[in-house]
Every structure is written in structure tokens, then in C-alpha cells.
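The chain contents come next:
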Amino acid sequence: MRKPILAGNWKMYKTVSQSLSFVEHLQGLVDDLEGVDAVICAPFPSLYALKSQLEGSSIKLAAQNLHQAEEGAYTGEVSALMLQDVGAHYVIIGHSERRQYFGETDESVNQKVHAAFKHGLLPIICVGEDLSQREQGTTKQLVEEQVRAALSGVTADDVTRLVIAYEPIWAIGTGKTATAQDANEVCAHIRSVVGEMYGKEKADGVRIQYGGSVKPENIEELMAQPDIDGALVGGASLDPGSFAKLLQGARK
Ligand SMILES: O=C[C@H](O)COP(=O)(O)O
């Protein structure tokens, strides 16, 4: 049985004080997180402050990116060790916005996955097609290539610790959600690819999220699908009331 995982990706929103106020408000709304892993993917400046505020809470922190190098002259970048040091537990890798605007490639995604594991961070690996790829019918092929590339060299022990987020690009921030059945079909395909690489037992242990215009109104329908184990939520994760409802809806 896979434990659902609901992650709020704040993207480039919220100052440190806004982040702290969000968590304070959320903690007043949610007192029981049994049955769901709650993750906040905050901007870099907020992570350290949130670490202290979340002391004793089961809410986990995630970063939204990392650099693959151990350290070095990479102005503006942040390493896995630095993120682990400020309390990150997970790190998003290969989000489509990073692939689109910052030149992230399947190769750099794979390097980042290895860098994350080396310092005890658990990757949330994002994959997904754009609208033209969906219309051309190449979604499964593309997602398969992304998954195979991202997991290259990852051990069978580590594979069950990471999370894969299927996010169709055309559904991100657009209000258009893939139907729950379509989303599940791609998530099931991702699981079968992991199965080909690592065996069915391992694949059955990997958590696969859906992302793209997830809201309190559609989370339960998505979570009812057998291969969807959680969600990576952008816009609807920015408000504590909405995030609390998403956490509630993510429990299976
Ligand atoms: O990381 C989250 C995704 O990009 C989804 O964003 P969204 O929920 O605003 O569509």
C-alpha cells in the first residue's frame, strides 16, 4: 500500500514572512496528518525559517531545484548539501518550467537525481508532455523516455524512495486538468516502465503523483485512480485553507 503524498509547489511565490504565516495558519487548520505525506516546496529563502517552524511537525520541506555539482563556482546555484542543511527532505527535479525556461535536459535531470540521493534528499522527478505532443499521440513515448533517462543508474533500493510527478504541461496553471482516467493511464504507463527497469514489486512501491490544475474540487476523483498516489499542486497550494482541503482529499 503506497502512502499518498501531497506536495504544494509554491514556485516563485511567498516571502519568508508570508511562508511563516502560511504554515502558522495551516497548523491551525490541520491537526492530523495521518494517512498522507504533506510536503511544502518553498522558495530557497524560506526553507531555513520554515525548518524551525516545522520542528515536531510531520510536514516535510522540499526545494524546487538544485545544482548537480557538489560545490563550485556556479553563481546563483544551490547544492544538495546546502538544501539538506537547511531542512529540505525532498527536491523537485526537472519541473517543466525548469526544462522550458532554464534549459533543464534529461541528462541534467539524471545528474540532479544522483546529486540529491548522495546527500539524502528524495527526488520528486517531473515528467510530462506539451499540447502538441499530446495531439500527436506521443505522450507515452515521451514520458517513457523522460522516466528512463531520469532513472538511469538509480539503484533498486533508491527507486522506491523517489517520487515521480506526471504533469502534462498543457494542464499546468491553465485550469485544464487531464481527465482522471487519462492521468491514470499515463501514471500506469510510468509504473509499467519502472517495472520493466526494476521489476513489478519495486514498481508497485513507487509513488506517482499527478500535477496540473489540481484543486480541492478535483483531488478526490484523481486520488480514486489506482495508479495516482498524490498530487503536485501549484496555484491551489498557495492558500492554507485550500492546501488543508487538498490534504484531506488526498487521503485514500
Ligand atoms: O508543480 C506544480 C504544477 O506545475 C502544477 O501547477 P498548477 O497546480 O498551478 O497547475
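Residues numbered from 1 in each chain as written. Predicted model: local features only at pLDDT ≥ 70, side-chain atom pairs only at ≥ 80, totals over all residues. Heavy atoms only, no water.

1. Thoughts on the UniProt feature "binding site: substrate" (unreviewed entry) in the protein
At step 1: According to UniProt, the positions carrying the feature "binding site: substrate" (unreviewed entry) are Asn9, Trp10, Lys11, Gly173, Ser213, Gly234 and Gly235. Across 227 residues, the annotated set stays spatially compact, with a maximum C-alpha separation of 14.0 Å.
At step 2: Among the structural elements, glycine 234 can be located in the loop between strand E8 (230-233) and helix H12 (240-250).
At step 3: Residue glycine 234 is classed as buried on the basis of its relative accessible area of 18%.
At step 4: Apart from the residues lying within four places of it in its own chain, the contact partners of glycine 234 are Asn9 and Lys11.
At step 5: As for its placement among the helices and strands, glycine 235 is situated in the loop between E8 and H12. (UniProt positions renumbered as here; feature names shortened; annotations may be inferred. Helix = DSSP H or I, 4+ residues; strand = E, 2+ residues; numbered from the N terminus. Buried < 20%, exposed > 50% of the residue type's maximum accessible area, 1.4 Å probe, protein only. Contact = heavy atoms within 4.5 Å.)

2. Structural notes on the pattern of salt bridges
At step 1: Taken as a whole and assessed by the stated rule, the structure comprises 19 salt bridges.
At step 2: For glutamate 104, the salt bridge goes to lysine 112, with nearest N and O atoms at 3.1 Å.
At step 3: Judged by its relative accessible area of 5%, lysine 112 is buried.
At step 4: Lysine 140 is the partner of glutamate 185 in a salt bridge, and the nearest nitrogen-oxygen pair spans 2.9 Å. A residue pair is termed long-range when its members are at least 10 positions apart, and glutamate 185 in helix H9 (residues 180-198) and lysine 140 in helix H7 (residues 139-151) qualify at 45 residues. (Salt bridge = Lys/Arg side-chain N within 4 Å of Asp/Glu carboxyl O.)

3. With respect to the confidence of the model for the protein
At step 1: Looking at the protein, the pLDDT average stands at 97 and 100% of residues meet or exceed 70.
At step 2: In the predicted complex, the global pTM is 0.97; the interface-specific ipTM is 0.99. (pLDDT = per-residue confidence, 0-100.)

4. Some details on helix H5 (residues 106-118)
At step 1: The end-to-end C-alpha distance of H5, which contains 13 residues, comes to 19 Å, matching closely the 18 Å that a straight helix rising 1.5 Å per residue would cover.
At step 2: All of the buried residues along H5 are Ser108, Val109, Asn110, Lys112, Val113, Ala115, Ala116 and Phe117.
At step 3: Of the surrounding elements, those touching the buried residues of H5 are helix H3 (80-85), strand E4 (88-93), helix H4 (96-101), strand E5 (122-127), H7 and helix H8 (156-159).
At step 4: Once H5 ends, the next one or two residues include glycine 120, with phi positive near 75°. (Expected span 1.5 Å × (residues − 1).)

5. Quick word on the packing of H7 against H9
At step 1: Interaxial distance between H7 and H9 falls to 10 Å at its minimum, and their mutual angle equals 40°. Taken together, the axes of H7 and H9 are oblique relative to one another. Between H7 and H9 lies a crossing of right-handed hand. The residues of H9 that touch H7, namely those facing Thr139, Lys140, Val143, Glu144, Val147, Arg148 and Leu151, are Glu185, Val186, His189, Ile190, Val193, Val194, Glu196, Met197 and Tyr198. (Axes fitted to C-alpha atoms, helices over the stretch in contact; angles between N-to-C directions. Parallel < 35°, antiparallel > 145°, perpendicular 65-115°, else oblique. Left-handed = near helix turned anticlockwise from the far one by under 90°.)

6. What to know about the nonpolar core
At step 1: Residues Leu6, Ile190 and Val194 are the most contacted members of the largest nonpolar core, which totals 82 residues.
At step 2: Among the elements that take part in this core, H9 stands out by supplying eight residues, more than any other.
At step 3: Sequence-distant contacts of leucine 6, defined by excluding residues within four places in its chain, comprise Val36, Asp37, Ala38, Val39, Gln209, Ile219, Ala231, Val233, Phe243, Leu246, Leu247 and Ala250. (Core = buried A, V, L, I, M, F, W, Y, C linked by side-chain atoms within 4.5 Å.)

7. Some details on the pairing of strand E3 (residues 60-63)
At step 1: Strand direction decides the pairing type here: strand E2 (residues 37-41) and E3, joined by three bridges, are parallel. Considered in E3, the bridge of isoleucine 40 is made with leucine 61.
At step 2: A crossover links E2 with its parallel partner E3, the connecting element being helix H2 (residues 44-53), and its sense is right-handed.
At step 3: Taken together, the three bridges between E3 and E4 define a ladder with parallel strand orientation. The residue bridging alanine 63 from the neighbouring strand is valine 91, located in E4.
At step 4: With respect to chirality, the unit in which E3 leads through H3 into the neighbouring parallel E4 is right-handed. (Pairing = 2+ DSSP bridges. Right-handed = clockwise from strand over helix to strand, strands pointing away.)

8. What to know about the site of the ligand
At step 1: Close to the ligand lie 13 residues; Lys11, His95, Gly173, Ser213 and Gly235 are nearest.
At step 2: Note that an oxygen atom of the ligand is positioned 2.6 Å from one of the backbone N or O atoms of glycine 173.
At step 3: Serine 213 is positioned such that a nitrogen or oxygen atom in its backbone is 2.7 Å from an oxygen atom of the ligand.
At step 4: For the ligand, whose accessible area on its own is 310 Å², the fraction buried by protein is 95%.
At step 5: Taken together, the residues of the shell around the ligand sort by class into four nonpolar, seven polar and two charged. (Near = heavy atom within 4 Å. Polar contact = N/O pair within 3.5 Å; in protein donor to acceptor, adjacent residues only side chain to side chain. Areas by Shrake-Rupley, 256 points an atom, 1.4 Å probe, with all protein chains shown as cover. Nonpolar A, V, L, I, M, F, W, Y, C, P; charged D, E, K, R; others polar.)

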